[in-house]
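# Structural description and commentary
This is what each chain is made of:
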Amino acid sequence: MKLALISLGCSKNLVDSEHYLGILSQRKNMELTSDLEDADIIIVNTCGFIGDAKRESIETILEAGELKKTGKLKKLVVAGCLAQKYSSEILKEMPEVDAVIGTGDIDKIETLIDGILAGKQVVETSNIDFLANADTERIRTTAPHTAYLKISEGCNRHCTYCIIPQMRGRLRSRSIEDIVKEAKAMVASGVREINLLAQETTEYGIDLYGEKKLASLMRELCKIEGLKWLRSYYMHPEYITDELIEVIKEEDKICKYFDVPIQHVSDDILQNMARAKNGDQVKDVLYRIRKAIPEATIRTTLIVGFPGETEDNFQELVEFVKDFKFDYAGVFKYSREEDTVAYSLPDQVDEGIKDRRYAELINLQSEIAEKKNRKLLGKTVDVMIDGVSAESEYLLEGRMRGQALEIDGKVLTTDGTAKPGEIVKVKLEQNFDYDFIGPIVENEK
């Protein structure tokens, strides 16, 4: 029996997919395959965060379902956020689907597989409290030298545009000891870079310890011998403390990298989003980071077209982006999601206006990045090699400390050799978009 898995959406969802693979790989009669045409069972682990993600998930499910006609496929399972939210609709509208399993039922995947192989239609979406730990089986799908490490699940915040708490439940933090245990096992297996994940990493520990514990966790992880780089994603600006900034500044292993989704800076919009008290609160955090660590890489995400966003609100955001000059910024058009507070807010913004504002911000950020990146030319930087470039078999590619796995730019090497995971020194000679090119001038000693 051959199993294939398609993982959509964010890196947090990818970790769930890796747990599915790990659990099912223990079955004697189950063989994993990357060839969809050769699979007897396919699991599509879906994303349901915004409209575009839902459409991609639905299209992928339908494409996989076609393999029941053209391939060996016998059973199709839909997992993840879309399954959690729309299980009954999926089964009603997609007869090719044999089972749905939600975000909190990962540990029930074997029972589900037994059920569908026995000819049953199975629904597992009742639990939303599951939390994987260091002992939960997992097969990592990233390169051997880098890994994602999920430190908590769920979220206690209620941003008015976000459906995630309904799909993932309330915050559930793993203990520091359990996280360190998994991290040590990763490093022992060859991992040199660990990327911490959660819906909001800065919220970590509040439920378990009664206080924010990300800074303490990072200090403990830095003690692991053999770990070279540590990075944290998804930092809510309200929870970024002076202590956390200081830890990131002091610890050599921690990449000076802040992923801070601010979404907006207009007081009215932030309050309607339930993101922050006002724009000054958001700006203060960002400027404190810049003052404490001038060389820090700061990434953000921005939403345009939120209900009630006027041209003045938008221009306020534009002016701040011009002034602050983020290193990276992901821009999203507001997606109207059912069962969120924002869905029913008045003054919904026209799609054409969203498109224009989106294009203006994207173009502005591209100009900012181009100027910032040109200032790096001629410098020699540390680069962790990820492997042979997909663009050319004659080039290696890797990332600087300020380039996170899969979401930021990369560095291509024009001369020299190195192994995946090796940290080399590269002289940056040319840039295009968010990528750089240059020769390796020194290998790791």
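That block above? That's the structure.
Residues numbered from 1 in each chain as written. Predicted model: local features only at pLDDT ≥ 70, side-chain atom pairs only at ≥ 80, totals over all residues. Heavy atoms only, no water.

Tallied over the entire structure, the rule returns 11 aromatic pairs. Taking the centre distance of 6.4 Å and the plane angle of 85° together, the rings of Y161 and F306 count as edge-to-face. Taken together, the residues Y161 in the loop between β8 (152-153) and α6 (164-168) and F306 in the loop between β13 (297-304) and α13 (311-324) connect sequence positions 145 residues apart. Aromatic pair Y287 and F324: ring centres 5.3 Å apart, planes at 75°, arrangement edge-to-face. Of this pair, Y287 sits in helix α12 (residues 279-292) while F324 is found in helix α13, placing the two residues 37 residues apart along the sequence. Since its relative accessible area comes to 42%, Y287 is described here as partly exposed. The exposure class of F324 is buried, given its relative accessible area of 2%. R157 extends its terminal NZ or CZ atom over the ring of Y239, reaching a point 5.4 Å from the ring centre. (Phe/Tyr/Trp six-rings, centres within 6.5 Å; stacked < 30°, edge-to-face > 60°. Helix = DSSP H or I, 4+ residues; strand = E, 2+ residues; numbered from the N terminus. Buried < 20%, exposed > 50% of the residue type's maximum accessible area, 1.4 Å probe, protein only. Lys NZ or Arg CZ within 6 Å of the ring centre and 35° of its normal.)

Let us look at the side chain of E18. Its place among the elements puts E18 in helix α1 (residues 11-25). Excluding residues within four positions of it along the chain, E18 makes contact with E137, R138, I139, R140, T141 and T142. (Contact = heavy atoms within 4.5 Å.)

What follows deals with the sheet that holds strand β11 (residues 229-232). Pairing within the open sheet is parallel, and its three strands lie in the order β7-β10-β11. Unpaired on one side and paired on the other, β7 (146-150) and β11 mark the two borders of the sheet. Along the sheet, successive strands turn relative to each other by an average axial angle of 20°, direction set aside. Alignment of strand β10 (residues 193-197) against β11, held across four bridges, turns out to be parallel. Its bridge partner being in β11, N195 is matched across the sheet by R231. The strands touched by helix α9 (residues 214-222) within the sheet are β10 and β11, with β11 carrying the most contacts at an inclination of about 165°. (Pairing = 2+ DSSP bridges. Axes fitted to C-alpha atoms, helices over the stretch in contact; angles between N-to-C directions.)

Here the focus is the pairing of strand β20 (residues 435-438). Side-chain alternation along β20 places D435 and I437 on one buried face and F436 and G438 on a second face that is also buried. Note: strand β17 (residues 411-413) against β20, three bridges, orientation parallel. Note on β20: the bridge partner recorded for L412 is I437. The sheet contact formed by strand β19 (residues 430-432) and β20 spans three bridges and is antiparallel. Across the sheet, F432 pairs through a bridge with D435, a residue of β20.

What follows covers the side chain of R174. As for its position among the elements, R174 is in the loop between β9 (172-173) and α7 (176-188). At 2.8 Å, the side chain of R174 forms a polar contact with the side chain of E182. Non-local contacts of R174, meaning those with residues more than four positions away in its chain, are made with L131, A132, N133, A134, L149, K150, I151, S152, I179, E182, Y204 and L208. (Polar contact = N/O pair within 3.5 Å; in protein donor to acceptor, adjacent residues only side chain to side chain.)

Of note, Q263 is a non-glycine position whose phi angle comes to about 70°, a positive value. Within the secondary structure, Q263 is located in the loop between β12 (257-259) and α11 (267-273). One non-glycine residue, E406, lies in positive phi territory at about 75°. Within the secondary structure layout, E406 lies in the loop between β16 (396-399) and β17. Judged by relative accessible area, which is 59%, E406 ranks as exposed.

Grouped together as the largest cluster of nonpolar side chains are 57 residues, with contacts concentrated most on I194, L196, F258 and L361. Those residues within four positions of I194 in sequence are excluded, and the remaining contacts are A147, L149, A183, M186, V187, L227, W229, L230 and R231. By size, the runner-up hydrophobic cluster in this structure holds 21 residues, among which are L5, L24, A79 and L112. (Core = buried A, V, L, I, M, F, W, Y, C linked by side-chain atoms within 4.5 Å.)

The next point concerns the pairing of strand β15 (residues 380-388). Of the pairings in the sheet, the one linking β15 to strand β18 (residues 423-427) comprises five bridges and is antiparallel in character. Counterpart to V381 in the pairing with β18 is V426. Two strands pair when backbone bridges link them, and β15 and β16 are joined in this way by four bridges, in the antiparallel orientation. In the sheet register, G387 faces β16, and the bridge partner there is E397.

Here we take up helix α14 (residues 351-374). With 24 residues, α14 should cover 34 Å at 1.5 Å per step; its first-to-last C-alpha distance of 35 Å lies within 8% of that length. Taken as a whole, α14 has its buried residues at K354, R357, L361, L364, Q365, I368, A369 and N373. Where α14 is buried, its residues meet β13, α13, β14 (328-333), β19 and β20. (Expected span 1.5 Å × (residues − 1).)

Across all of its chains, the model carries 45 salt bridges by this definition. Between D284 and R288 there is a salt bridge whose closest N-O contact spans 3.1 Å. Of this pair, D284 and R288 both sit in helix α12, separated by four residues, roughly a single helical turn. Judged by its relative accessible area of 26%, R288 is partly exposed. In this structure, the salt-bridge partner of K410 is D435, at a minimum N-O distance of 3.2 Å. Of this pair, K410 sits in the loop between β16 and β17 while D435 sits in strand β20; the two residues are 25 residues apart in sequence, bridging distant segments of the chain. Each of E18, R138, R174, D178 and E182 takes part in a single network of salt bridges with overlapping partners. (Salt bridge = Lys/Arg side-chain N within 4 Å of Asp/Glu carboxyl O.)

As summarised here, the arrangement of the three strands in space is β12-β13-β14, forming an open sheet in which the pairing is parallel. Here the strands that pair on one side only, and so sit at the sheet edges, are β12 and β14. Averaged over all pairs of adjacent strands, the angle between their axes in this sheet comes to 15°, without regard to strand direction. Two strands pair when backbone bridges link them, and β12 and β13 are joined in this way by three bridges, in the parallel orientation. By the bridge assignment for β13, D259 is matched with R299. Along the sheet, α14 contacts β13 and β14; its crossing angle with β14, the most-contacted strand, is approximately 175°.

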